[in-house]
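One letter stands for each residue in the lines below.
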Amino acid sequence: TATTGDDLILVSSGEQLPGVPEHQLRLSGDYWFTSRWSLGGSVVAFSESYAYGNENNQHSAGTATDLQGNTRTFGGPGKVDGYAVVNLTTRYVFSNGLEIFGKITNLFDERYSSTAILAENSFDTGGNFLADPDDWTREQFDAPGAPLGGFIGVKYRFGAKKPRS
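Bear in mind the structure is a predicted one, so any value in this text is a computation, not a measurement. (Residues numbered from 1 in each chain as written. Predicted model: local features only at pLDDT ≥ 70, side-chain atom pairs only at ≥ 80, totals over all residues. Heavy atoms only, no water.)

Caption draft 1: The arrangement of the overall build of the protein chain in detail. Check the secondary structure of the protein chain and you find zero helices and eleven strands. Shown N-terminal to C-terminal, the secondary structure of the protein chain runs as helices and strands in the order β-β-β-β-β-β-β-β-β-β-β. Residues counted as buried form 27% of the 165 residues belonging to the protein chain. Taking the contacts inside the protein chain whose residues are at least 6 apart along the sequence as the reference set, 64% of them involve residues at least 24 apart. Put simply, the protein chain shows about 11300 Å² of open surface, and 56% of that area lies on carbon and sulfur atoms. (Helix = DSSP H or I, 4+ residues; strand = E, 2+ residues; numbered from the N terminus. Buried < 20%, exposed > 50% of the residue type's maximum accessible area, 1.4 Å probe, protein only. Contact = heavy atoms within 4.5 Å. Areas by Shrake-Rupley, 256 points an atom, 1.4 Å probe, with all protein chains shown as cover.)

Below is the structure:
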């Protein structure tokens, strides 16, 4: 017989795993303008996912009383919203095996959380450590997704065949 209490929750078979979205979509494609130059793009999309610590998928913000009669206040919804990100790529292949490439990630600078965890915060709003655990707040900590980024690189392929002109 399982009991639930302050740090225990009852998890049943079939609950969705925290940090793993139920639905994912990945689309990508490249268009070659010439035999040497291409432009491509991708879209990655994820449905909402549960925060770690919400293994039974039932967390909600607010006040709850555990089986020992202790009342606690919990913050955060226990999940992160779904999101979609658009990326662009380009590359140019020289005849000697040398290639230059570029990539723009999160083209529209989408603000999103990639995952979250339910935990206790041992710091006050001023950033001071609270020595007494009874003063800690129970919150959801979100991990922000990567912002707009750009990358440029060079690649060399040893023994590469000359591309068609």
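Caption draft 2: Spotlight on the pattern of salt bridges. In total, this model carries five salt bridges according to the counting rule given. The shortest N-O distance in the salt bridge between Asp109 and Arg111 comes to 3.3 Å. Its relative accessible area of 65% is what places Arg111 among the exposed residues. Within the structure, one salt-bridge network assembled from shared partners comprises Arg91, Glu99 and Arg157. (Salt bridge = Lys/Arg side-chain N within 4 Å of Asp/Glu carboxyl O.)

Caption draft 3: Quick look at the sheet that holds strand β1 (residues 24–32). Here five strands make up an open sheet; going across it, the order is β1-β2-β7-β8-β11 and the pairing antiparallel. Of all the strands in the sheet, just β1 and β11 (149–156) have a single pairing partner and so form its edges. The mean angle between the axes of side-by-side strands here comes to 15 degrees, regardless of whether they run parallel or antiparallel. In this sheet, strand β2 (residues 37–46) lies alongside β1 in antiparallel orientation, the contact comprising nine bridges. Opposite Leu25, over in β2, you have Ala45 as the bridge partner. (Pairing = 2+ DSSP bridges. Axes fitted to C-alpha atoms, helices over the stretch in contact; angles between N-to-C directions.)

Caption draft 4: Highlighting the side chain of Ser113. Structurally, Ser113 can be placed in strand β9 (residues 113–121). A polar contact is formed between the side chain of Ser113 and the side chain of Asp142, at a distance of 3.4 Å. Here Ser113 is in contact with Val80, Asp81, Tyr83, Asp142, Ala143, Pro144 and Gly145, once residues within four sequence places are set aside. (Polar contact = N/O pair within 3.5 Å; in protein donor to acceptor, adjacent residues only side chain to side chain.)

Caption draft 5: Main features of the packing of aromatic side chains. Considering all chains together, one arrives at eight aromatic pairs under this definition. Centroid distance Tyr156 to Phe158: 4.8 Å. Interplanar angle 85 degrees. Geometry classified as edge-to-face. We classify Tyr156 as partly exposed; its relative accessible area is 43%. Given the relative accessible area of 75%, Phe158 is considered exposed. Among the aromatic residues, those joined into a ring-pair cluster are Tyr31, Phe33 and Trp37. (Phe/Tyr/Trp six-rings, centres within 6.5 Å; stacked < 30°, edge-to-face > 60°.)

Caption draft 6: Seen up close, the pairing of strand β8 (residues 98–105). With six bridges connecting them, strand β7 (residues 83–93) and β8 associate as antiparallel partners. Across the sheet, Tyr92 pairs through a bridge with Ile100, a residue of β8. Counting the residues in the hairpin turn of β7 and β8 gives four residues, including Gly97, whose phi is positive at 90 degrees.

Caption draft 7: Spatial organisation of the environment of Ala146. Its place among the elements puts Ala146 in the loop between β10 (137–144) and β11. Judged by its relative accessible area of 48%, Ala146 falls in the partly exposed class. When the C-alpha atoms of Ala146 and Thr105 are compared, they prove to be 8.3 Å apart, with 41 residues separating the residues in sequence. Discounting residues that sit within four places of it in the chain, Ala146 has contacts with Asn106 and Tyr112.

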